[in-house]
Amino acid sequence: MADPKLIRKEIIAKTIAYYQAKFSQSDFIPGKSKVNYAGRVFDQQELVNAVEASLDFWLTEGRFSEEFAEKISDFLGIEHVLLTNSGSSANLLAFSALTSEKLGDKRLKPGDEVISVAAGFPATVTPILQYGLIPVFVDVEFPTYNIDIEMMRKAITSKTRCIFIAHTLGNPFNLDAVMQLATEFNLWVIEDNCDAFGSEYKGKKTGTFGHLSTISFYPAHHITTGEGGAICTNDPQLANLVRAFRDWGRDCYCAGGENNTCGKRFSQQFGDLPFGFDHKYVYSEIGYNLKMTDIQAAIGAAQIDKLPHFCDRRKENFKEWFRIFSKYPDYFILPEATKNSDPAWFAFIVTLKEGTHFKRDEVTAYFNAKLIETRNLFAGNMTKQPGFINQKWRIAGNLKNTDFIMNNTFFLGTYPGLTSEMFTYAESVLDEFIASQK
Ligand SMILES: Cc1ncc(COP(=O)(O)O)c(C=O)c1O
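Remember, it's a predicted structure, so these values are computed and weren't measured experimentally.

1. Notes on the nonpolar core
Consideration 1: Of all hydrophobic cores here, the largest spans 36 residues; its most connected members are Ile 115, Val 138, Ile 147, Met 152, Ile 163 and Val 178.
Consideration 2: Every element with two or more residues in this core is listed here: strand S2 (113–117), strand S3 (134–138), helix H6 (149–155), strand S4 (160–166), helix H7 (175–185) and strand S12 (347–352).
Consideration 3: Top element by residues in this core is H7. It accounts for five residues.
Consideration 4: Composition of this core by domain shows at least three residues from each of domain 1 (51–304) and domain 2 (307–436).
Consideration 5: For Ile 147, the contacting residues outside a window of four places in its chain are Ile 115, Ser 116, Val 117, Val 138, Asp 139, Val 140, Glu 141, Met 152, Ile 165 and Val 178.
Consideration 6: Counting residues in each nonpolar core, the second largest holds 30 residues, with Tyr 328, Phe 367, Phe 410 and Leu 418 among its members.

2. A few points about the packing of aromatic side chains
Consideration 1: The full count for this structure, using the stated rule, is 36 aromatic pairs.
Consideration 2: With centroids separated by 5.2 Å and ring planes inclined at 85 degrees, the aromatic side chains of Phe 121 and Phe 378 adopt a geometry described as edge-to-face. Pair noted here: Phe 121 is in the loop between S2 and helix H5 (126–130) and Phe 378 is in the loop between helix H11 (360–369) and helix H12 (386–389), with a separation of 257 residues, a long-range link.
Consideration 3: For Phe 121, a relative accessible area of 41% puts it in the partly exposed group.
Consideration 4: Residues Trp 321 and Phe 325 carry aromatic rings whose centres are separated by 6.2 Å and whose planes lie at 55 degrees to one another, so their mutual orientation is tilted. Of this pair, Trp 321 and Phe 325 are both found in helix H10 (residues 307–325), four residues apart, which corresponds to roughly one turn of the helix. For the pair Trp 321 and Phe 325, a shared accessibility class is recorded, and that class is buried.
Consideration 5: For the cation-ring pair, Lys 204 lies above Phe 209, with the distance from its terminal atom to the ring centre recorded as 4.4 Å.
Consideration 6: Here the guanidinium or amino end of Lys 291 rests over the ring plane of Trp 248, the centre of that ring lying 3.5 Å away.

3. Here's the deal with the site of the ligand
Consideration 1: Around the ligand, the surrounding shell holds 15 residues, and the nearest of these are Gly 87, Ser 88, Asp 192, Ser 216 and His 221.
Consideration 2: Side-chain polar atom of Ser 216 to an oxygen atom of the ligand: 2.7 Å apart, as the coordinates give it.
Consideration 3: For the ligand, an oxygen atom lies 2.7 Å from a polar atom in the side chain of His 221.
Consideration 4: The fraction of the free accessible surface of the ligand (390 Å²) that becomes covered by protein chains is 91%.
Consideration 5: Ranked by residue count, the leading element in the shell around the ligand is helix H4 (residues 87–97), at three residues.
Consideration 6: Taken together, the residues of the shell around the ligand break down into six nonpolar, seven polar and two charged.

Calculation rules
- Residues numbered from 1 in each chain as written.
- Predicted model: local features only at pLDDT ≥ 70, side-chain atom pairs only at ≥ 80, totals over all residues.
- Heavy atoms only, no water.
- Core = buried A, V, L, I, M, F, W, Y, C linked by side-chain atoms within 4.5 Å.
- Buried < 20%, exposed > 50% of the residue type's maximum accessible area, 1.4 Å probe, protein only.
- Helix = DSSP H or I, 4+ residues; strand = E, 2+ residues; numbered from the N terminus.
- Domains from an automatic or database assignment.
- Contact = heavy atoms within 4.5 Å.
- Phe/Tyr/Trp six-rings, centres within 6.5 Å; stacked < 30°, edge-to-face > 60°.
- Lys NZ or Arg CZ within 6 Å of the ring centre and 35° of its normal.
- Near = heavy atom within 4 Å.
- Polar contact = N/O pair within 3.5 Å; in protein donor to acceptor, adjacent residues only side chain to side chain.
- Areas by Shrake-Rupley, 256 points an atom, 1.4 Å probe, with all protein chains shown as cover.
- Nonpolar A, V, L, I, M, F, W, Y, C, P; charged D, E, K, R; others polar.

As structure tokens, then:
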């Protein structure tokens, strides 16, 4: 009889050989190879883990999910980590948790106002709209691209209940000021940490300041599981609520394949159900199923071991772009880390100065024609997006800088796959472009 253990060993050995044959080499040819803004960076361990999880064939949350969640928890220094199938789902779930009736008067209700920004990614704003609350858009500042604290203070009204903002492209927002306003006005804080996994503020990881925070594991982000995300919190009640919303709305918190961990499976009263109705089938929230699979988590469990190194590489790459762009101070506004922060930059963001004789789209077209990828700051000004125009939102004051960003800003990658050859090439491309504009 064939021995499954032996076969497994052979498969793993072959997987390693496959990795080396297929993925370990990549030669960069200037002008012929792409300089991507982001991408997955991995070695044989991610492949081995994915194969191990496939051979386990457990499929749903299992041993790798447990390992991955624990590693995230250790890395951030946070109590509860719940895995989900995307960063957008993480945002939806973090927000959903705050709408639960279990929070009594503290719960978010339709018509309440939530402070956010329009210069960002839609997934930070869509949960607010999906639950019938009103996003209040506050302008951002240069050169941090984060919320303007003075304008934020003015935006707060008696209807304001929550702050839901991202650390823009990895640059932490002013956490001291935001948390202080949250305390003063008794507001919930959700940190969208999707672009900032590994960034620090005053020596503490972002994603550990708010009541809840979220991470994305889409390949553009600091680590990847393909699709994937996580919700983090130190609050056990919020963790249970996130789990309930994630897992069909069910009240029971047994792990997959387990039963009766609470010891009261058949001896409680819920709603108008008969006494003792099976707790496994009690639904206390209007939930979803947004769980991660164990194969995804297996890849994440290998990726996260590389996260400190990836963060260092992102910081080095940011410095490289900074050096290259600072040759042309007349044309470009260069990004700056928020005071007291140490960002693990998602990207290098640049804005053309007012009066510059060439346009953002000319620079980005030039870069892209030379195979160097650029991106705009996501949605530009969210209020001008077709899907958002007719939604209910409010602008606090004005979005002057947001509009300027929509027209004049772009970013380049800082991901760990960038090499010194790529930077040498990119520098020559920028020099060429500037010379062509004289
Ligand atoms: C700030 C921010 N939040 C949320 C998301 C959504 O993450 P995902 O793509 O995993 O749904 C993104 C996009 O990638 C993002 O940049």
